[in-house]
Every structure is written in C-alpha cells, then in structure tokens.
Amino acid sequence: DAKTTQPTSMDCAEGRAANLPCNHSTISGNEYVYWYRQIHSQGPQYIIHGLKNNETNEMASLIITEDRKSSTLILPHATLRDTAVYYCIVRVGNDMRFGAGTRLTVKP
Amino acid sequence: GAVVSQHPSWVICKSGTSVKIECRSLDFQATTMFWYRQFPKQSLMLMATSNEGSKATYEQGVEKDKFLINHASLTLSTLTVTSAHPEDSSFYICSAQGSLAGGRLYFGPGTRLTVL
C-alpha cells in the first residue's frame, strides 16, 4: 500500500549526477517524503527527507515540486558505491512502508 | 549518526525450533521499534510496530503467536520466530525511532534466517 511510484531501474555514469524521480500524487499536507537506499543484503540507509522545501545534505539533494505531487532525489556525483535500490517513502503517521524502489546502477 | 545493531547477523536452524533476534539502539533511546521482513528480490514488508512497555501492533497477515515481539526496554527489542519452518527463511530487519514523534528511522544491518 505504498503511496509512491518510482521507475523500476535506472543507470547512471560514474561521476555524473543521478536524478531519481518519485511520484506521490496523493500525498497529504503533513506527510513527509523520505528517501532511503539499500545496498545488497544490508539494512536501509537514510539519505534525506523533506516536507515542502528543497533539502540538501552531504549525501544528496531533494527537490519537491510546488504541488508536492512528485520529488526528485539528486546524487550530484554518482560513484560505483552508490549502486543500490533507492526507496522513496511517504510517511503516514508513524509507519515507514517501503514500495518497490528504483534499482540504480552506476556504471564506470 | 545513530546506530542500531542486530544479533545474530545470520542464523541457520532446524524446522520446528525457535529463533530469537535482538535489535538494539546503541546510542539513543528508541521509543518505537519496527520489524520488517524481506524475501529475495522483494522490498521490505512491515511486520509489526512495538512501543516500549506495551504490546506490539502487528500488520495484517502476520501471526502474532508465531512472531513474538518484546520491547522491554528503550534500547532493546526482540523478535522470536517460534516453530520456524522453511517458508520463514528471510532477511529480518529492525529499525528504531527516537523519542521525537515522526523522527527519522535508523535501521539495523539485518538478520538472515535460514530454516532447514
């Protein structure tokens, strides 16, 4: 019952920016957008989250559209170690429910 | 950042036995912990939510008598898979949340359970 839609997979060249889109057209006004990633056989790693303003940290930038119906995670300079499944999650209350995510492959 | 540990990291057991998995928040107090299960090539599925000192809330389709969850302290939650069967073989992941409601979740490294 995830409230987000993401492409199944994407490729990105090493050193280039990786832009991962996410649609969340039914998001409510007080629901945050979270991004996590999971490298094979590890627990998910927090990347970034936001409500309506764009956010940036040492890992990535999060761009949320003005109507909040979609967002984009940007990894500015992708490396091979960024190959992972990236999950966009709209947090409903206290629960964190994962959709299928986007499998990002960074290629040399 | 905050650290969540799980023990064991992997376990192999015989069918019919019970297995306990521990989840610890190492440097913060976790008022809420979540347990997930992940089958190969699938996403994480939320199994249950536990609040310290109270009974866990299980997701629909998750048997509470089979997956016993105890959250007896602010730094420890345990998941016991009772009478495990091969179909219970999976990657079990816990996450913990601090006292601020709606705060970031920190995930453990996961426990791979194989039931023979």
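Refer to the structure presented above.
Here's what I pulled together on the structure shown here. Everything numeric in this text was worked out from a predicted model, so none of it was measured. (Residues numbered from 1 in each chain as written. Chains lettered and ligands numbered in written order. Predicted model: local features only at pLDDT ≥ 70, side-chain atom pairs only at ≥ 80, totals over all residues. Heavy atoms only, no water.)

### Some words on the environment of Gly29(A)
Residues and elements named next belong to chain A. Where we set the bar: What counts as a helix is a DSSP run of H or I of at least four residues, what counts as a strand is a run of E of at least two, and both are numbered from the N terminus. The cut-offs for exposure are 20% and 50% of the maximum accessible area for each residue type, with area from a 1.4 Å probe on protein chains only; residues under the lower value are buried, those over the upper are exposed, and the others partly exposed. By definition, residues are in contact when any of their heavy atoms lie within 4.5 Å.
With respect to the helices, strands and loops of the structure, glycine 29 is situated in the loop between strand E2 (18–23) and strand E3 (33–38). For glycine 29, a relative accessible area of 64% translates into the label exposed. A sequence separation of 22 residues divides glycine 29 from leucine 51, and the C-alpha atoms of the two residues are 8.4 Å apart. Non-local contacts of glycine 29, meaning those with residues more than four positions away in its chain, are made with Leu51 and Arg68.

### Structural notes on the packing of aromatic side chains
Condition: Any two rings among Phe, Tyr and Trp, with Trp reduced to its six-membered ring, count as a pair given centres within 6.5 Å; such a pair is stacked if its planes are under 30 degrees apart, edge-to-face if over 60, and tilted if neither.
Scanning the model with the defined rule gives 11 aromatic pairs over all chains in all. Relative to Phe107(B), the ring of Tyr36(A) lies with its centre 5.3 Å away and its plane at 75°, an arrangement referred to as edge-to-face. In this pair, Tyr36(A) sits in strand E3 while Phe107(B) sits in strand E10 (residues 105–107), so the two residues belong to two different chains. Grouping residues by exposure puts Tyr36(A) and Phe107(B) together as buried. Ring geometry for Phe98(A) versus Tyr36(B): centroids 5.6 Å apart, planes at 90°, classification edge-to-face.

### Some details on the pattern of salt bridges
Definition in use: Criterion for a salt bridge: a side-chain nitrogen of Lys or Arg within 4 Å of a carboxyl oxygen of Asp or Glu.
All told, the structure shown has seven salt bridges over all chains when counted by the stated rule. For the salt bridge of Asp11(A) with Lys107(A), the shortest nitrogen-to-oxygen distance reads 3.1 Å. Linking Asp11(A) in strand E1 (residues 9–13) with Lys107(A) in strand E9 (residues 102–107), this pair joins segments that are 96 residues apart in sequence. Relative accessible area serves as the criterion here: at 42%, Lys107(A) is assigned to the partly exposed category. Linking Arg37(A) and Asp82(A) is a salt bridge whose minimum nitrogen-to-oxygen distance equals 2.8 Å. A residue pair is termed long-range when its members are at least 10 positions apart, and Arg37(A) in strand E3 and Asp82(A) in the loop between strand E7 (70–75) and strand E8 (84–90) qualify at 45 residues. Both residues of the pair, Arg37(A) and Asp82(A), belong to the buried class. Sharing partners across several salt bridges, the network here consists of Asp95(A), Arg97(A) and Glu59(B).

### Re the sheet that holds E2(A)
To be explicit about the condition: A strand pair is defined by DSSP finding two or more bridges across the two strands.
In space, the four strands of this open sheet follow the order E2-E7-E6-E5 (chain A), with antiparallel pairing throughout. In this open sheet, the two strands that pair with only one neighbour each are E2 and strand E5 (55–56) of chain A.

Read these as spatial facts, not as claims about activity.
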